[in-house]
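# Structure at a glance
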Amino acid sequence: LKSIAIMTSGGDSPGMNAAARAVVRTALNEGVRVFGIYDGYKGMLENRIVELTSQSVSDIIQRGGTFLGTARCPEFKQEETRAKAAEILKSHGIEGLVIIGGDGSLTGGSLLSKYGIPIVGLPGTIDNDVWGSDYTIGADTALNTILDAINKLRDTASAHRRIIVLEVMGRTCGWLAMMAAIAGGAEYVLVPEVHFDLNKICDELKESYANGRRYSIVVVAEGVGSAVDIGKEIGEKTGIDTRVTVLGHVQRGGSPTAEDRVKASMLGEKAALALINGQRNVVFGINNGKVVAIDLHDSVNNNKTLDPELVRLARVLSK
Ligand code: ATP
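Residues numbered from 1 in each chain as written. Predicted model: local features only at pLDDT ≥ 70, side-chain atom pairs only at ≥ 80, totals over all residues.

Turning next to the site of the ligand. Around the ligand, 20 residues are found, and the nearest of them are Gly10, Gly11, Gly102, Gly104 and Gly108. Along the lines of polarity and charge, the residues of the shell around the ligand split into five nonpolar, ten polar and five charged. (Near = placed C-beta within 6 Å. Nonpolar A, V, L, I, M, F, W, Y, C, P; charged D, E, K, R; others polar.)

Structure representation (structure tokens):
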């Protein structure tokens with residue numbers, strides 16, 4: 001194998017740069033050329049593909065975002081578009097592709113592999129929703145960003161008697177919300193995976209404020225619905241001053257944490273070596289601190305569930 005390519009796709013996440021850097025430097029160390037594809041599948045179709053050197057990835061490990069750029073590309077769901085993409089890759093002599101992205105990007109990769117392009121996926125998303133891996137690149141940084149927000153909201157909330165409703169990202173997955181609630185000491189957490197009764201929550205809130213509570217934090221996963229609507233309902237039902245914060249894209253940014261940099265680097269190295277050693281159509285993830293290989297098709301065809309132990313812990317500790 002002489003040449004591989006790397007791209008980032010879907011939502012960006014902090015640590016994608018560290019992963020890309022590791023892929024590039026590992027491949028070069030093995031005497032394999034590396035091409036960078038700009039802006040995900042969109043750039044692939046537009047043939048925006050450039051050979052990378054070791055210098056191309058210097059001074060990026062500490063940066064959030066992705067130096068390769070990323071994009072959404074709905075046309076990639078069409079078969080003829082993927083056939084065209086495979087031809088473009090082959091025209092550069094690219095014999096393997098590392099895709100850093102979420103579930104959607106890896107699904108695209110799984111379909112592209114049918115055109116004879118060996119694919120290795122790395123889970124790059126703050127949502128931590130990739131099946132088969134406990135970890136995704138960027139989730140730890142996003143979680144710390146949310147925690148920082150919760151700490152600040154606590155200061156201001158305790159100065160007033162308020163209910164604070166905080167919406168966090170995660171798409172259909174409640175992992176970020178659940179972890180933020182546990183680490184941030186929230187009173188309630190609403191996630192798509194667990195049934196909740198808003199009337200009951202409002203009754204409990206009313207009672208606790210009647211007993212002297214000064215403030216509460218309710219974390220809402222975006223997959224549950226709009227925190228603005230939920231906050232309005234809580235305010236109306238409890239009669240307590242309720243304020244809503246929607247964190248939005250700040251959760252995507254920022255310098256990656258040490259955990260995200262180190263794990264992304266471990267995954268990037270494994271991805272490059274796997275392609276070079278003839279392994280294909282796998283996703284590398286991390287379980288129990290060790291890199292594991294997951295079948296690409298299994299990963300995209302299964303849905304990750306929320307660890308019931310986390311749900312139980314959040315419940316016990318918020319009482
Ligand atoms: P995140 O969830 O972190 O935003 P993601 O990779 O899941 O990341 P998506 O927008 O779902 O983000 O997917 C990114 C791109 O992957 C899409 O714009 C499209 O080009 C491609 N893709 C997604 N789903 C499919 C699919 N079913 N078939 C082919 N390509 C797909």
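Let's pick the thread back up.
Moving on, we come to the pairing of strand 2 (residues 33-37). Pairing of strand 1 (residues 3-8) with strand 2, which is carried by five bridges, proceeds in the parallel orientation. Bridge assignment links Ser3 to a residue of strand 2, and that residue is Arg33. Viewed along the sheet, the connection from strand 1 through helix 1 (residues 16-29) into strand 2 turns out right-handed. (Pairing = 2+ DSSP bridges. Helix = DSSP H or I, 4+ residues; strand = E, 2+ residues; numbered from the N terminus. Right-handed = clockwise from strand over helix to strand, strands pointing away.)

Taken from the UniProt record, the annotation "binding site: ADP" (unreviewed entry) applies to Arg21, Ala22, Val23, Val24, Arg25, Arg154, Gly185, Ala186 and Glu187. Spatially, the listed residues are scattered: they cover 167 residues, and their C-alpha atoms lie as much as 45.3 Å apart. Topologically, Val23 is positioned in helix 1. The class of Val23 is buried, set by 31 C-beta atoms lying within 10 Å. When sequence neighbours within four positions are dropped, the list of residues in contact with Val23 reads Ile6, Val34, Val98, Gly268, Ala271 and Ala272. Tracing the backbone shows Glu187 in the loop between helix 6 (175-184) and strand 7 (188-190). A tally of 20 C-beta atoms within 10 Å means that Glu187 is categorised as buried. Not counting residues within four places of it along the chain, the set of residues in contact with Glu187 comprises Ser216, Ile217, Val218 and Ser318. (UniProt positions renumbered as here; feature names shortened; annotations may be inferred. Buried ≥ 20, exposed ≤ 12 C-beta atoms within 10 Å, placed from the backbone. Contact = placed C-beta atoms within 7 Å.)

Judged by nonpolar contacts, the single largest core of 49 residues is most densely connected at Ala19, Val23, Val98 and Ala271. Top contributing element to this core by residue count: helix 1, with eight residues. Not counting the four nearest positions on each side in its chain, Ala19 is found in contact with Ile100, Leu122, Gly124, Ile137, Ala264, Leu267 and Gly268. The next biggest cluster of nonpolar side chains, apart from the first, holds 44 residues, and it includes Ile126, Leu190, Ile217 and Val224. (Core = buried A, V, L, I, M, F, W, Y, C linked by C-beta atoms within 7 Å.)

Spatially, seven strands are ordered 3-2-1-4-5-10-11 in an open sheet, and the strand pairing comes out mixed. Of all strands in the sheet, those with a lone pairing partner are strand 3 (49-52) and strand 11 (290-295), marking the two edges. Ignoring which end each strand starts from, the neighbouring axes of this sheet average 30° apart. Against the sheet, helix 1 engages strand 1, strand 2, strand 3, strand 4 (97-101) and strand 5 (119-123), with an angle of about 175° to strand 1. Packed onto the sheet, helix 9 (residues 258-276) meets strand 1, strand 4, strand 5, strand 10 (282-287) and strand 11 and runs at close to 175° relative to strand 5. (Axes fitted to C-alpha atoms, helices over the stretch in contact; angles between N-to-C directions.)

This part covers the UniProt feature "domain: Phosphofructokinase" (unreviewed entry) in the protein chain. In the numbering used here, UniProt assigns the "domain: Phosphofructokinase" (unreviewed entry) feature to residues 4-273. A distance of 11 Å separates the end C-alpha atoms of residues 4-273, which is 43% helix and 17% strand.

When you line up the elements, Gly138 lands in the loop between strand 5 and helix 5 (139-159). Judged by the 33 C-beta atoms lying within 10 Å of it, Gly138 is buried. Remark: the alpha-carbon pair of Gly138 and Gly15, spanning 123 residues in sequence, is separated by 5.5 Å. Setting aside its immediate chain neighbours within four residues, Gly138 contacts Ser13, Pro14, Gly15, Met16, Gly124, Thr125, Ile126 and Asp260.

With respect to the helices and strands, the residue Arg261 is situated in helix 9. Residues Arg261 and Arg63, 198 residues apart in the sequence, show an inter-C-alpha distance of 9.9 Å.

Now for the packing of helix 6 against helix 11 (residues 308-317). One can describe the packing of helix 6 onto helix 11 by two numbers: an axis separation of 10 Å at closest approach and a directional angle of 35°. Seen from above, helix 6 lies across helix 11 with left-handed handedness. On helix 11, the residues touching Met178, Ala181 and Ile182 of helix 6 are Leu310, Val311, Leu313, Ala314 and Leu317. (Left-handed = near helix turned anticlockwise from the far one by under 90°.)

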